[in-house]
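# Tertiary structure, described
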Amino acid sequence: MNKVMSNKLHIALYIAPALLLVSVLVFIPLILSGYYGLMDWDGIGAKTFIGLENYITGIQDSKFWDSALHSFLLAVFSTLSLAIYLAVSIILASKIKGADLLRKIYLIPMLLSSVAIAQLWIKVYNPSSGILNTFLRSIGIEEPPNWLADPTIVLFAIFIPILWQYAGFYILIYYAALKNIPESLIEAARIDGATPFQIATRIKLPLIKEVVSVTIVLAIVGSLKYFDLIYVMTAGGPNGASEVMASYMYKLAFNSYNFGYGSAIGFLLLIITMIVTVIVRKLTATKERIEY
């Protein structure tokens, strides 16, 4: 009995630093965010308790739901882009020439900060001197779009650098999963006359479906809370066309000094993200996991 208690004490001591760090950086801020959402507070002066008024206002706020729609559209785009990452990973795992170099190239955006990437793509999208519009003019398009100032295309324009930024992350995950597939299975399929497409769709994909499920959750959750690159590139403009939930929360708290309402929006973002995560995990769960 003493040995069991001693082992439990050792385990508790080992996990205590990590638990303390997670509590300070994650759990306590979440609790405080929910608490501040119950207050009328400018971030400096005295707090006034107003109950659920901020949360009710948030639920009735059309701007909040517009920003939520934009976040969900980014989540859809990000989920669809996983097919591109997976296809590239399958090609890289097929022992093509230069695969090692390509993997390193795809990882370069991960080494850059989101602010640096945003500044880079602002220059790419510059309507007068940007490389994109310069190319479009060279092929005969006299009036190319103003990518970051057109409400109808700004969200798509922002998604392109997001896709570029996270390509290396997802390609690396898929590549590692594919390399863990026993080579004997692939060779047996080749001997049986399977084509590369059949090997990819009937052998490789079913064997990494758990990894695909995890990346879907990561892509959706990451899109719902995405902030930095969007805020630097457009600050939610023009006229709120690229506003997402995180940027709307930031503006309320730090631009309008309405920390109580901003905290309530942040807590609603947390609730929405948790609900979506549970739904996605249920939809992408394998049959074996459900039966278990």
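Residues numbered from 1 in each chain as written. Predicted model: local features only at pLDDT ≥ 70, side-chain atom pairs only at ≥ 80, totals over all residues. Heavy atoms only, no water.

### With respect to the packing of helix α8 (residues 183–191) against helix α9 (residues 196–207)
As a packed pair, α8 and α9 sit with axes 11 Å apart at the nearest point and diverge in direction by 160°. On the basis of their axis angle, the class for α8 and α9 is roughly antiparallel. Viewed along their axes, α8 and α9 form a crossing whose handedness is right-handed. Contact residues: Leu185, Ile186, Ala189 and Arg190 in α8; Ile199, Ile203, Lys204 and Leu207 in α9. (Axes fitted to C-alpha atoms, helices over the stretch in contact; angles between N-to-C directions. Helix = DSSP H or I, 4+ residues; strand = E, 2+ residues; numbered from the N terminus. Parallel < 35°, antiparallel > 145°, perpendicular 65-115°, else oblique. Left-handed = near helix turned anticlockwise from the far one by under 90°. Contact = heavy atoms within 4.5 Å.)

### Some points on the environment of Ala219
In this fold, Ala219 is placed in helix α10 (residues 209–224). Sequence-wise, Ala219 and Tyr170 are 49 residues apart; in three dimensions their C-alpha atoms are separated by 9.2 Å.

### Remarks on the packing of aromatic side chains
The full count for this structure, using the stated rule, is 17 aromatic pairs. Between Tyr166 and Tyr226, the ring centres sit 6.2 Å apart and the planes meet at 75°, which makes this aromatic pair edge-to-face. Here Tyr226 lies in the loop between α10 and α11 (228–233) and Tyr166 lies in helix α7 (residues 154–179), a separation of 60 residues in the sequence. With a relative accessible area of 31%, Tyr166 lands in the partly exposed category. Pairing Phe227 with Tyr231 gives two aromatic rings, centres 5.3 Å apart and planes at 25°, and the pair type is stacked. (Phe/Tyr/Trp six-rings, centres within 6.5 Å; stacked < 30°, edge-to-face > 60°. Buried < 20%, exposed > 50% of the residue type's maximum accessible area, 1.4 Å probe, protein only.)

### Regarding the pattern of salt bridges
Counted according to the given criterion, the structure contains three salt bridges. One salt bridge connects Glu187 with Arg190, and the closest N-O pair in it is separated by 2.9 Å. Taken as a pair, Glu187 and Arg190 lie in helix α8 at a separation of three residues, close to a single helical turn. Glu187 sits in the partly exposed class, given a relative accessible area of 36%. Relative accessible area serves as the criterion here: at 45%, Arg190 is assigned to the partly exposed category. (Salt bridge = Lys/Arg side-chain N within 4 Å of Asp/Glu carboxyl O.)

### A look at helix α5 (residues 114–124)
Along α5, the residues classified as buried are Ser114, Ile117, Ala118, Trp121 and Val124. Within α5, the buried residues cover an arc of 115° as seen down the axis, which keeps them to one side. (Arc of directions from axis to C-beta.)

### Concerning the UniProt feature "domain: ABC transmembrane type-1" (unreviewed entry) in the chain
Here the UniProt-annotated "domain: ABC transmembrane type-1" (unreviewed entry) positions come out as residues 69–280. End-to-end, the C-alpha atoms of residues 69–280 are 17 Å apart, and along that stretch the chain is 73% helix and 0% strand. (UniProt positions renumbered as here; feature names shortened; annotations may be inferred.)

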